[in-house]
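Descriptive structure summary
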Amino acid sequence: MELIQNTPDLSAYLAADEVIDHDHPLVRKVAARLARQAVDSYAYARLAFEFVRDAISHSQDSGDLRVTWRASDVLEQGTGICYAKAHALAALLRAEDIPTALCYQKFDVVHGLVAVRFNGAWHRQDPRGNKPGVDAQFSLDGERLAFTPDPESNEMDYPVLYAEPHPAVLSVLKAAPDRPYLWKTLPTALRGIQ
């Protein structure tokens, strides 16, 4: 599958905003701590991925009822669903000048992940969090995502790489008072993209 940037301007994939707030002091602090352990940007990207995958609980798996969506809140509260964890990873990577996009898959509901740019190519990564039957790993050598879509079941990978969260995703996150409510309102598809 060819991944397609929704904007040709690579600097958009380094930008801070309300969601990917890598200018926030907590994001900067976590990024600096991880960067001290890394010998280069590849090692940093792997450390950031593993930190978000392993240290930030997936709220569905842990039973946490809180809904987070802003990267700094995800890091502060230590919880989030796939979209929120992708926002946190994007912020940590962008904090160290690694272009990072948000991307999505379609299963029963839309699943969120990121893509990092190294050596002139995008590489998708899934920081969702591992559990029995899920073994996502950081890889620039072939994808090691949490889930593989089954086209016969109407599942798919969306090829578009977003500089900001998709509006359908962000609106449900912001509107949800808790995770049970969020689960009832998760998008089942992203309109206008295939």
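As shown above, the structure is provided for reference.
Residues numbered from 1 in each chain as written. Predicted model: local features only at pLDDT ≥ 70, side-chain atom pairs only at ≥ 80, totals over all residues. Heavy atoms only, no water.

Turning our attention to the packing of helix α1 (residues 25-36) against helix α5 (residues 82-95). Interaxial distance between α1 and α5 falls to 9 Å at its minimum, and their mutual angle equals 65°. Between α1 and α5, the crossing angle belongs to the class labelled roughly perpendicular. Of the two possible hands of crossing, α1 and α5 adopt the one that is right-handed. For the pair α1 and α5, the contacting residues are V27, R28, V30, A31 and L34 in the first and A91, L92 and A95 in the second. In the contact of α1 with α5, the residues fall into 7 nonpolar, no polar and 1 charged. (Axes fitted to C-alpha atoms, helices over the stretch in contact; angles between N-to-C directions. Helix = DSSP H or I, 4+ residues; strand = E, 2+ residues; numbered from the N terminus. Parallel < 35°, antiparallel > 145°, perpendicular 65-115°, else oblique. Left-handed = near helix turned anticlockwise from the far one by under 90°. Contact = heavy atoms within 4.5 Å. Nonpolar A, V, L, I, M, F, W, Y, C, P; charged D, E, K, R; others polar.)

The next point concerns unusual backbone geometry. Even without glycine at this site, D97 takes up a positive phi of about 60°. With respect to the element layout, D97 can be found in the loop between α5 and β4 (100-106).

Looking now at the environment of I4. Here I4 lies in strand β1 (residues 4-5). Distance in space between the C-alpha atoms of I4 and W122 is 9.3 Å, their sequence separation being 118 residues. In this structure, I4 is in contact with P159, V160 and L161, ignoring residues within four places of it in sequence.

What follows is about the pairing of strand β5 (residues 110-118). Counting buried residues in β5 gives 8 out of 9 residues, a clear majority hidden from the surface. Sheet topology note: the β4/β5 ladder contains 7 bridges and is antiparallel. Within the sheet, the bridge partner assigned to A101 lies in β5 and is A115. Between β4 and β5, which pair antiparallel in sequence order, lie 3 residues. Pairing of β5 with strand β6 (residues 121-125), which is carried by 5 bridges, proceeds in the antiparallel orientation. Counterpart to V114 in the pairing with β6 is Q125. Between the end of β5 and the start of β6, which pair antiparallel, lie 2 residues, with N119 showing a positive phi angle near 50°. (Buried < 20%, exposed > 50% of the residue type's maximum accessible area, 1.4 Å probe, protein only. Pairing = 2+ DSSP bridges.)

Moving on: helix α2 (residues 41-55). Given a rise of 1.5 Å per residue, 15 residues ought to cover 21 Å, and the 20 Å separating the end C-alpha atoms of α2 matches this to within 8%. Among the residues of α2, Y44, A45, A48, F49, F51, V52 and R53 are the ones counted as buried. As for α2, its buried residues are in contact with α1, α4 (71-77), α5, β5 and β6. At the N-terminal boundary of α2, the capping side chain belongs to D40, with an oxygen 3.2 Å from the backbone nitrogen of Y42. (Expected span 1.5 Å × (residues − 1). Polar contact = N/O pair within 3.5 Å; in protein donor to acceptor, adjacent residues only side chain to side chain.)

Another aspect to go through is the layout of surface pockets. In this model, the largest pocket occupies a volume close to 290 Å³. Around the largest pocket, the lining comprises 14 residues; the ones closest to its centre are F107, V109, H111, F147 and W183. For the lining of the largest pocket, the secondary structure elements donating two or more residues are α5 and β5. Partitioned by chemical class, the residues of the lining of the largest pocket number 9 nonpolar, 3 polar and 2 charged. (1 Å grid on protein atoms, 1.4 Å probe; cavity = no way out; pocket = protein on both sides within 12 Å on 5 of 7 lines; lining within 4 Å. Points joined across faces, edges and corners; volume = space filled by probe spheres on them.)

For an α-helix, 3.6 residues make a turn, and residues three or four places apart therefore share a direction. Over its 14 residues, α5 runs 20 Å from end to end, which matches the ideal 20 Å to within 8%, given 1.5 Å per residue. Of all the 14 residues making up α5, 14 are buried; the element is thus mostly covered by neighbouring parts of the structure. Immediately downstream of α5, the backbone of D97 shows phi near 60°, a positive value.

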